[in-house]
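# Overview (structure and organization)
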Amino acid sequence: MYCEDFVPEDEVLLRARDRAAELGCPAILPGAGALLRVLAAALAARAVVEIGTGTGVASLWLLRGMPVDGVLTTIDVEVEHQRAAKEAFAEEGVAPTRTRTIPGRASDVLPRLTDGAYDLVLVGGDELGYPEYVEQGLRLLRPGGVLAVDGALHQDRVADPARRDEVTTVVREVGRALRTDERVLPALLPSGDGLLLAVRR
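A quick note: this is a predicted structure, and the numbers were derived from the prediction, not measured.

### Quick notes on the layout of surface pockets
There is about 800 Å³ of room inside the largest pocket. As for the largest pocket, its lining consists of 37 residues, and the residues nearest its centre are Pro26, Gly52, Gly124, Gly125 and Asp126. Elements that contribute at least two residues to the lining of the largest pocket include exactly strand 1 (47-51), helix 3 (57-65), strand 2 (71-76), helix 5 (106-109) and helix 6 (130-140). Of the residues assigned to the lining of the largest pocket, the class counts are 15 nonpolar, 14 polar and eight charged. Computed from the structure, the second largest pocket encloses a volume of approximately 250 Å³. Contributing to the lining of the second largest pocket are 13 residues, with Arg172, Gly175, Arg176, Arg179 and Leu188 lying nearest its centre. Going through the elements one at a time, helix 7 (166-179) and strand 6 (184-189) are the ones with two or more residues in the lining of the second largest pocket. The element that contributes the greatest number of residues to the lining of the second largest pocket is helix 7, accounting for six residues. Taken together, the residues that form the lining of the second largest pocket break down as nine nonpolar, one polar and three charged.

### Here we look at the sheet that holds strand 7 (residues 195-200)
Pairing in this open sheet of seven strands is mixed, and the strands run 3-2-1-4-5-7-6 from one edge to the other. Only two strands of the sheet have a single neighbouring strand rather than two, namely strand 3 (99-103) and strand 6. The average angle at which neighbouring strand axes cross in this sheet is 15°, direction not considered. Where strand 2 meets strand 3, five bridges bridge the pair, whose relative direction is parallel. Along strand 3, the bridge assignment pairs threonine 73 with arginine 100. Lying over the sheet, helix 4 (residues 79-92) contacts strand 2 and strand 3, oriented at roughly 165° with respect to strand 3.

### As for the nonpolar core
Note on soluble globular proteins: their nonpolar side chains tend to be buried together. Counting residues in hydrophobic clusters, the biggest one holds 30 residues, and the most contacted among them are Leu36, Leu62, Met66 and Leu120. Within the residue set of this core, elements represented by two or more residues are helix 1 (11-23), helix 2 (30-43), helix 3, helix 4, strand 4 (118-123), strand 5 (141-150) and strand 7. Once you skip the residues sitting within four places of it in the chain, leucine 120 turns out to touch Ala40, Leu43, Ala45, Ala47, Val48, Val49, Leu62, Leu141 and Val146.

### Considerations on the environment of glycine 116
Checked against the element boundaries, glycine 116 lands in the loop between helix 5 and strand 4. Look at glycine 116 and you get partly exposed, because its relative accessible area is 36%. Considering only alpha carbons, one finds glycine 116 and aspartate 181, 65 residues apart in sequence, at a separation of 17 Å. When neighbours within four sequence positions are excluded, glycine 116 is seen to be in contact with Arg139, Leu140, Leu141 and Arg142.

### A short note on the pairing of strand 7
Relative to strand 7, strand 5 is paired through five bridges, and the arrangement is antiparallel. Note that in strand 7 the partner of valine 146 across the bridge is valine 199. The pairing of strand 6 with strand 7 spans six bridges and is classified as antiparallel. Residue pairing across strands places valine 184 opposite arginine 200, the latter belonging to strand 7. Linking two consecutive strands that pair antiparallel, namely strand 6 and strand 7, is a turn of five residues; a positive phi of about 60° is found at glycine 192 within it.

Parameters and conventions
Residues numbered from 1 in each chain as written. Predicted model: local features only at pLDDT ≥ 70, side-chain atom pairs only at ≥ 80, totals over all residues. Heavy atoms only, no water. 1 Å grid on protein atoms, 1.4 Å probe; cavity = no way out; pocket = protein on both sides within 12 Å on 5 of 7 lines; lining within 4 Å. Points joined across faces, edges and corners; volume = space filled by probe spheres on them. Helix = DSSP H or I, 4+ residues; strand = E, 2+ residues; numbered from the N terminus. Nonpolar A, V, L, I, M, F, W, Y, C, P; charged D, E, K, R; others polar. Pairing = 2+ DSSP bridges. Axes fitted to C-alpha atoms, helices over the stretch in contact; angles between N-to-C directions. Contact = heavy atoms within 4.5 Å. Core = buried A, V, L, I, M, F, W, Y, C linked by side-chain atoms within 4.5 Å. Buried < 20%, exposed > 50% of the residue type's maximum accessible area, 1.4 Å probe, protein only.

Note that every value here comes from positions in space, so none of it alone points to a role or purpose.
Here is the structure:
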């Protein structure tokens, strides 16, 4: 698709994407990655939380949009994935002080992070955890901060009411909940596998 390739990925991103394929973990698609970079830049996001590090593909897009003193806190249950992400950060020349990689379950780590202290929260990783991650993400955001939910179309299944498998149902319900949540202003964009954005009022 033209918009997915509109901002081409360089060698560092492509290598991170290759590692994701080798490890069998999903990576954000280029169109959604480029959008995250724009968001991070527009917000001048100095404090970002990423749920689901993977091999660092989305992390790199975020870091490229953040100011040089911005810090990305990224959480993943798979230590091997985070090791691969750190390899990507080193290739990118990211200063070690700019990333906090926290191994563990997001449901255990997120409650320990500070209320209202973050500019941007990216929800990825385990879709079945999305309802909890979204609620925690909203708690973490400052007013005007942005929640971004990756995979919000779930391979176009969310839009098809006949699809009722567990993951599709959970992702669909997250979208519905945010659409009517008075704490946020939401929009669903078709970039990547769907990126659901919500600005914290």
